[in-house]
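For reference, the chains in residue letters:
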Amino acid sequence: MENILVAKNVSKTYGNYTALSNISLNIPKNCIYGLLGPNGAGKTSFIRIINQITHQDSGEILFDGEPLAQHHIAHIGYLPEERGLYKSMKVGEQALYLAQLKGLSKSEAKEKLKYWFDRLNIGDWWNKKIQELSKGMAQKIQFIVTVLHDPKLLIFDEPFSGFDPINANIIKDEILQLKEKGTSIIFSTHRMESVEELCEYIALIHKSEKILDGKLSDIKKAYKNNIFNVGLQTQENAEKLIQELNEKYHILSSGFDNVEKQLDFKVQLPSSHTAEILSELSKMANVNRFEETIPSANDIFIQTVNNKDNDR
Ligand SMILES: Nc1ncnc2c1ncn2[C@@H]1O[C@H](COP(=O)(O)OP(=O)(O)OP(=O)(O)O)[C@@H](O)[C@H]1O
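Below, the structure is looked at part by part. All values reported here derive from a predicted model rather than from experimental measurement.

### Re the overall build of the chain
- When helices and strands are counted, the chain shows 10 helices and 14 strands.
- Expected size for 312 residues packed as a compact globule is a radius of gyration near 20 Å; at 25 Å, the chain overshoots this value by more than 25%.
- C-alpha extents for the chain along the principal axes are approximately 75 × 45 × 35 Å.
- Looking at the chain as a whole, 29% of its 312 residues qualify as buried.
- When contacts within the chain are restricted to residue pairs at least 6 apart in sequence, those whose partners lie at least 24 apart make up 70%.

### Topic: the site of the ligand
- In the region of the ligand, the neighbouring residues are Y14, Y17, A19, G37, N39, G40, A41, G42, K43, T44 and S45.
- Mapped onto the shell around the ligand, the elements with two or more residues apiece are β2 (17–28) and α1 (43–50).
- Element by element, the count of residues in the shell around the ligand is highest for α1, at three residues.
- The class makeup of the residues in the shell around the ligand is four nonpolar, six polar and one charged.

### Brief notes about the environment of E180
- Among the secondary structure elements, E180 is positioned in helix α5 (residues 165–180).
- The sequence separation of E180 and E132 amounts to 48 residues, and the corresponding C-alpha distance is 34 Å.

### Here we look at helix α4 (residues 135–147)
- With 13 residues, α4 extends 19 Å between its outermost C-alpha atoms, agreeing within 8% with the 18 Å of an ideal straight helix rising 1.5 Å per residue.
- The complete set of buried residues in α4 reads A138, Q139, K140, I141, F143, I144, V145 and T146.
- For α4, the secondary structure elements touched by its buried residues are β6 (76–79), α2 (91–101), α3 (106–119), β7 (153–157) and α5.

### Here's the deal with the sheet that holds β6
- The strand order across the open sheet formed by six strands is β6-β7-β8-β3-β9-β10, and the pairing between neighbours is mixed. The open sheet has two edge strands with one neighbour each: β6 and β10 (209–215). Strand-to-strand twist of the sheet, defined as the mean angle between neighbouring strand axes without regard to direction, takes the value 15°.
- Here β7 runs beside strand β8 (residues 184–188); their pairing, made up of five bridges, is parallel. Paired with D157 across the strands is S188, a residue of β8.
- Against the sheet, helix α10 (residues 297–311) makes contact with β3 (32–36), β9 (201–206) and β10, and its axis sits at roughly 35° relative to β9, the strand it touches most.

Reading guide: rules and limits
Residues numbered from 1 in each chain as written. Predicted model: local features only at pLDDT ≥ 70, side-chain atom pairs only at ≥ 80, totals over all residues. Helix = DSSP H or I, 4+ residues; strand = E, 2+ residues; numbered from the N terminus. Rg over C-alpha atoms; globule rule 2.2 N^0.38 Å. Buried ≥ 20, exposed ≤ 12 C-beta atoms within 10 Å, placed from the backbone. Contact = placed C-beta atoms within 7 Å. Near = placed C-beta within 6 Å. Nonpolar A, V, L, I, M, F, W, Y, C, P; charged D, E, K, R; others polar. Expected span 1.5 Å × (residues − 1). Pairing = 2+ DSSP bridges. Axes fitted to C-alpha atoms, helices over the stretch in contact; angles between N-to-C directions.

This is the structure we're talking about:
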């Protein structure tokens, strides 16, 4: 698979503080890649290097197969977490100015801005002053200016913060459509539900190091730990049944649903013999549910970071 961005052993220090140590990443083309990590992990430092706002101390970055260079900036769109617009300028004037900074001619910028303003239903904001806009409205402008020049690589840092749920959904759909059109996207966020929804690949950075990366579905498979959710139909005597189960299996939690007359429990099974256990259970009661739990991105994040901390 072709990569839009490859980082090889990238390190960065600020004075004697190490922000990135030996980070190597392959970011495939045409996918949404989640760059995750606790606060202060080094994500923004890495993004700033890609945008050439700062430079790595060592290591190499390839953009679309070439060593990262100034001219690649025209192919990158970056929506930083900290965003600023000039308060006293008019919306249209400001958007035109920023679009021209990205290398678009004035007429080209006008045409593309008109398209995006209509698309996001903000055509009538053109002559408003930036200071009249709410935070979410200003963010829509920032989003437009980020994607306007059709960059090959888009980098979004917490793109949904400040948006109400309806607008967050609009922006999410736009991001998915940009991906469909072939754009590669790096997405940095602390919202794990967005990661679940959007990211095909993730990398987890912790205390300047990469501690996990790969396809999210493969990572989930690797993190499965044979925990099953089971529902057994039982008329009465759930207590006796759970006692019996407790003697045989490693029950993690249980509860009885009085209406459905169902004993629900979470159990960690030994890694093989799943089929035998299912057949044993079905001798005890009707098995209404027997499903292996798939770890969430949130579980994986917390577990990997905690394990790393305990190793130190
Ligand atoms: N210009 C700078 N000078 C000194 N230290 C810096 C500078 N920029 C970042 N750092 C430090 O480097 C570390 C990594 O910061 P960075 O902003 O890359 O983290 P992050 O993963 O983006 O965190 P967050 O999720 O909180 O945004 C932090 O400890 C930060 O204080």
